[in-house]
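Observations on the model geometry
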Amino acid sequence: MTTATQTPAAAEGHIDPAASLTSGSTVPVQTRSERPTSFDPSDFPTPTGREVNWKHTPLSLVRDLLRNEPGPTGVIAVDVSAPAGVEQRRLAIGEAPRGEVFRPEDLPSAIAWTQEAEAPLIRIPADTELEEPVIVRLTGQGGLAHAHVVIEAERGARGTVVLQHEGRAQQAQNVEIIARDGSALTVISLQRWESDAVHLAAHQARVERDAHLTHVVVTLGGGVVRVNPSVELAGAGAEGRLYGLSFADAGQHFESQVYLHHKGAHTTGDVLYKGALQGSDARSVWIGDVLIGPDATGTDSYEANRNLVLTDGARADSIPNLEIETGDIVGAGHASATGRFDDEQLFYLQARGISEDEARRLVVLGFLAEIVQKIDVPGLQDELIAAIEAELALTDGAGEQE
């Protein structure tokens, strides 16, 4: 397979029709950096489950989002709360900066690109520091939906954008993120869908010289939720901090395929995802890919995934990958761990008069709170702790709601 070539027209949201995602080779793409891209959904075959990027996803539950058919309007109700000065408008295909960074890597993201004729833009102007976050509430009304969102922090800008998903829908969503030189941007994607919702999201970001991006994925609800962030540290001195938190109950499938590409010199990366699982068939999938390119000298990077399995029948798949193409780095590493409660921790707490249920609650909260504490949004930390508490209150520890 080869990556589709880009023509000048591609910058306007089109792909060279002569370019193909397949070259007749039978060798599958294994390296994230070699994954083919195209704006044309017809360039992507329908996944079979044998592909490296689809083999962990329950395809039977996401089939509707793999068909390039227009859905009804008004499926997602949108409410935006933004401080003064934040620019909001809509971008047609071919209108910059839409497509400056984003390149669809799979069928649903290519379909979302074509289906969203006008993509909303949230732009923090140059040298502006937002005192309050931009809150985008997305409430599903039921049905099929597609979206492409562009978030841009101009040179020297500082701010936070929160995407809050709830209700019920089947949504294919693209989020394009651009952090210009010297900016500091935080993007938080919070999924608290109803149990029958399906959410397939591709987040792609570019971080320019001396810019900082903090990207957080929190998934606490939904039937199938797959959020795949891809971040390129393009400029010298760029920093990318990618954090994730999930709590899967019975029958839920939560997945993230994370890609961090160190491209510029003296870049810093920190990836940490944590998940808890309880109930029959609760499933989480985490695949982490870090690429330190040949020009990324002086890089310091680390990725880790930790999972806490609370009941029998739950399963966590964790696959960290690291590619290094230069020997001149500060450091790089990756780690993964999945396990049950530490009996010694429980014994320690119970020996001090704490009940077993309360001890388990404290252990889980302590495990997940590390990610919550990285979210610097007033009120949201308390909201997430309360949501985790609610998850722990499920009856019989089996993932069934009271």
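The next subject is the packing of helix α3 (residues 356-372) against helix α4 (residues 380-392). The angle between the axes and the distance between the axes are what describe a pair of packed helices. Following both chains from N to C, one finds α3 and α4 inclined at 145 degrees, their axes separated by 11 Å at the closest point. The hand of the α3/α4 crossing is right-handed. Facing R361, V364, L365, L368 and V372 of α3, the residues of α4 in contact are Q381, L384, I385, I388, E389 and L392. Tallied by class, residues from the contact of α3 with α4 come to 8 nonpolar, 1 polar and 2 charged.

Counting 51 residues, the largest nonpolar core has L185, V207, L213 and V231 as its most contacted members. At 7 residues, strand β4 (residues 134-153) tops the list of elements feeding residues into this core. Non-local contacts of V207, meaning those with residues more than four positions away in its chain, are made with A179, H212, L213, V231, E232, L233, A234, G235, A238 and E239. Listed in part, the 33 residues of the second largest apolar core include V162, L220, A276 and L349.

Low pLDDT means the predicted atomic positions in that stretch should not be read closely. Per-residue pLDDT for the protein has a mean of 90; in total, 91% of the residues score no lower than 70. Taken as a whole, residues 395-402 scores under 50 in pLDDT and shows 17 contacts with residues more than four places along the chain or in a different chain.

So, about the side chain of D249. Mapped onto the fold, D249 is located in the loop between β10 (239-248) and β11 (253-262). As a buried residue without a salt bridge, D249 has its nearest oppositely charged side chain in R192, at a separation of 10 Å. Within the structure, D249 has its side chain in polar contact with the side chain of Q278 (distance 3.3 Å).

With the rule as written, the count across this model stands at 2 aromatic pairs. Judged by centre distance (4.7 Å) and plane angle (50 degrees), the rings of F39 and W113 are tilted. Note that F39 is positioned in the segment before β1 (76-81) and W113 in helix α1 (residues 107-115), a separation of 74 residues in sequence. With respect to burial, F39 and W113 carry one shared label: buried. Between the aromatic rings of Y273 and W286, the centroid separation amounts to 6.3 Å while the plane-to-plane angle is 45 degrees, which identifies the pairing as tilted. Of this pair, Y273 sits in strand β12 (residues 268-277) while W286 sits in strand β13 (residues 283-292), placing them 13 residues apart in sequence. This pair shows no difference in class: Y273 is buried, exactly as W286 is. The positively charged end of R352 is found above the aromatic ring belonging to Y348, 3.8 Å away from the centroid. A cation sits over an aromatic face here: K374 above Y243, 4.6 Å from the ring centre.

Let us look at the pairing of strand β5 (residues 158-179). Within β5, 18 of the 22 residues are buried, which leaves the element mostly enclosed by the surrounding structure. Sheet topology places β4 next to β5; 18 bridges connect them, and they run parallel. From the neighbouring strand, V134 faces β5, where its bridge partner is V161. Note that β5 and strand β6 (residues 184-193) share 10 bridges and pair parallel.

In the structure shown here, the tally under the stated rule is 29 salt bridges. Here E239 and R241 are joined by a salt bridge, their closest N and O atoms 3.1 Å apart. A relative accessible area of 26% means that R241 is categorised as partly exposed.

In this section: the pairing of strand β9 (residues 224-233). β9 sits mainly inside the fold: 9 of its 10 residues count as buried. Bridge count for strand β7 (residues 198-207) against β9 is 10 bridges, and the pairing is parallel. By the bridge assignment for β9, V198 is matched with V224. Here β9 pairs with β11 via 7 bridges, running parallel. From the neighbouring strand, L233 faces β11, where its bridge partner is H262.

Residue P97 follows A96 across a cis peptide bond; omega there is 5 degrees. Among the structural elements, P97 can be located in the loop between β2 (87-92) and α1. Not every positive phi belongs to a glycine, and D210 is a case in point at roughly 55 degrees. Within the secondary structure layout, D210 lies in the loop between β7 and β8 (212-221). Overall, D210 belongs to the partly exposed group, its relative accessible area being 43%. A positive phi angle is found at H266, which is not glycine, with a value near 55 degrees. For H266, the position within the fold is in the loop between β11 and β12.

Procedures and definitions
- Residues numbered from 1 in each chain as written.
- Predicted model: local features only at pLDDT ≥ 70, side-chain atom pairs only at ≥ 80, totals over all residues.
- Heavy atoms only, no water.
- Axes fitted to C-alpha atoms, helices over the stretch in contact; angles between N-to-C directions.
- Helix = DSSP H or I, 4+ residues; strand = E, 2+ residues; numbered from the N terminus.
- Left-handed = near helix turned anticlockwise from the far one by under 90°.
- Contact = heavy atoms within 4.5 Å.
- Nonpolar A, V, L, I, M, F, W, Y, C, P; charged D, E, K, R; others polar.
- Core = buried A, V, L, I, M, F, W, Y, C linked by side-chain atoms within 4.5 Å.
- Buried < 20%, exposed > 50% of the residue type's maximum accessible area, 1.4 Å probe, protein only.
- pLDDT = per-residue confidence, 0-100.
- Lys, Arg positive; Asp, Glu negative; His and termini not counted.
- Salt bridge = Lys/Arg side-chain N within 4 Å of Asp/Glu carboxyl O.
- Polar contact = N/O pair within 3.5 Å; in protein donor to acceptor, adjacent residues only side chain to side chain.
- Phe/Tyr/Trp six-rings, centres within 6.5 Å; stacked < 30°, edge-to-face > 60°.
- Lys NZ or Arg CZ within 6 Å of the ring centre and 35° of its normal.
- Pairing = 2+ DSSP bridges.

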